[in-house]
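Coordinate inspection notes
The residues making up each chain are set out below.
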Amino acid sequence: MLPARNRMRRSTDFDATVKHGTRAAQPDVVVHVRRAGDGDAARAPRVGLIVGKSVGSAVERHRVSRRLRHVARCVLGELHDSDQLVIRALPGSRTASSARLEQELRRGLRRALDVAGRDR
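Reference entry: report on the structure contained in this document. (Residues numbered from 1 in each chain as written. Predicted model: local features only at pLDDT ≥ 70, side-chain atom pairs only at ≥ 80, totals over all residues. Heavy atoms only, no water.)

**Thoughts on helix H2 (residues 58-74)**
An ideal rise of 1.5 Å per residue puts 24 Å on 17 residues; H2 measures up with 25 Å between its terminal C-alpha atoms. For H2, every residue scored as buried is listed here: Val64, Ser65, Arg67, Leu68, Val71 and Ala72. (Helix = DSSP H or I, 4+ residues; strand = E, 2+ residues; numbered from the N terminus. Expected span 1.5 Å × (residues − 1). Buried < 20%, exposed > 50% of the residue type's maximum accessible area, 1.4 Å probe, protein only.)

Dropping the structure here:
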């Protein structure tokens, strides 16, 4: 489970991260990372999940969400305090193992952060 201070809750945060952040696609997940500007004073990195109906039934979506929250907790240390991360689950995530999801999340996050660092 993600700590409360690391959860993204507002739709405006999701929208801003997806629209203005850096995107990195993997086979089972798409990672969006937004580095906040100097004016944004966040106390901790925030993570949001998007698990659509294309992933499967409600039971399958909740299972994928739990696994993604667990692997997202493992990568919190790689984010700056003002970073926002949105993870979009793709239909293949339903059958992917937790280890594979973590590997894809780390790879996507690394690629997105590299691109975001070059943009600055």
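**Quick look at the pattern of salt bridges**
Summed over all chains, the structure comprises seven salt bridges. Notably, a salt bridge pairs Arg10 with Asp13, separated by 3.3 Å at the nearest N-O pair. Arg106 is the salt-bridge partner of Glu78, the closest N and O atoms lying 2.3 Å from each other. With a gap of 28 residues between them, Glu78 in the loop between H2 and strand E4 (83-89) and Arg106 in helix H3 (residues 98-119) connect regions that are remote in the sequence. Judged by relative accessible area, Glu78 falls into the partly exposed class, the value being 39%. Three or more residues joined by partner-sharing salt bridges are found here, namely Arg10, Asp13 and Arg46. (Salt bridge = Lys/Arg side-chain N within 4 Å of Asp/Glu carboxyl O.)

**Overview of the nonpolar core**
Counting 24 residues, the largest nonpolar core has Val33, Val47, Leu68, Leu85, Ile87, Leu105 and Leu109 as its most contacted members. Going through the elements one at a time, strand E2 (29-35), strand E3 (46-51), H2, E4 and H3 are the ones with two or more residues in this core. Looking at this core, the element that brings in the most residues is H3, giving five residues. Once residues lying within four places of it in the same chain are set aside, the contact partners of Leu68 are Val29, Leu49, Val51, Ile87, Ala89 and Leu101. (Core = buried A, V, L, I, M, F, W, Y, C linked by side-chain atoms within 4.5 Å. Contact = heavy atoms within 4.5 Å.)

**Remarks on the side chain of Ser65**
Along the chain, Ser65 falls in helix H2. In this structure Ser65 touches Leu49 and Val51, once residues within four positions along its chain are discounted.

**Structural notes on the side chain of Gln26**
One can find Gln26 in the loop between strand E1 (22-25) and E2. Within the structure, the side chain of Gln26 is placed 2.9 Å from the side chain of Arg107, a separation counted as a polar contact. Among residues more than four places away in sequence, those in contact with Gln26 are Leu90, Glu104, Arg107, Gly108 and Arg111. (Polar contact = N/O pair within 3.5 Å; in protein donor to acceptor, adjacent residues only side chain to side chain.)

**Remarks on the pairing of E2**
When you tally the buried positions in E2, you get five out of seven residues, the bulk of the element. Linking two consecutive strands that pair antiparallel, namely E1 and E2, is a turn of three residues. In the sheet, E2 pairs with E4 via seven bridges, with the strands oriented antiparallel. Bridged to His32 within E4 is Val86. (Pairing = 2+ DSSP bridges.)

**Remarks on the pairing of E3**
The sheet contact formed by E3 and E4 spans six bridges and is parallel. Looking across to E4, one finds that Ile50 is bridged to Arg88. Note on the crossover from E3 through H2 to E4: the handedness is left-handed. (Right-handed = clockwise from strand over helix to strand, strands pointing away.)

**A few points about the sheet that holds E2**
Spatial strand order, E1-E2-E4-E3: four strands in an open sheet with mixed pairing. With one partner strand each, in any of the chains shown, E1 and E3 form the two edges of the open sheet. Direction aside, neighbouring strands of the sheet carry axes that sit 15° apart on average. One ladder, built from four bridges, connects E1 with E2; its direction is antiparallel. Each residue of the ladder has a partner; that of Thr22, found in E2, is Val33. (Axes fitted to C-alpha atoms, helices over the stretch in contact; angles between N-to-C directions.)

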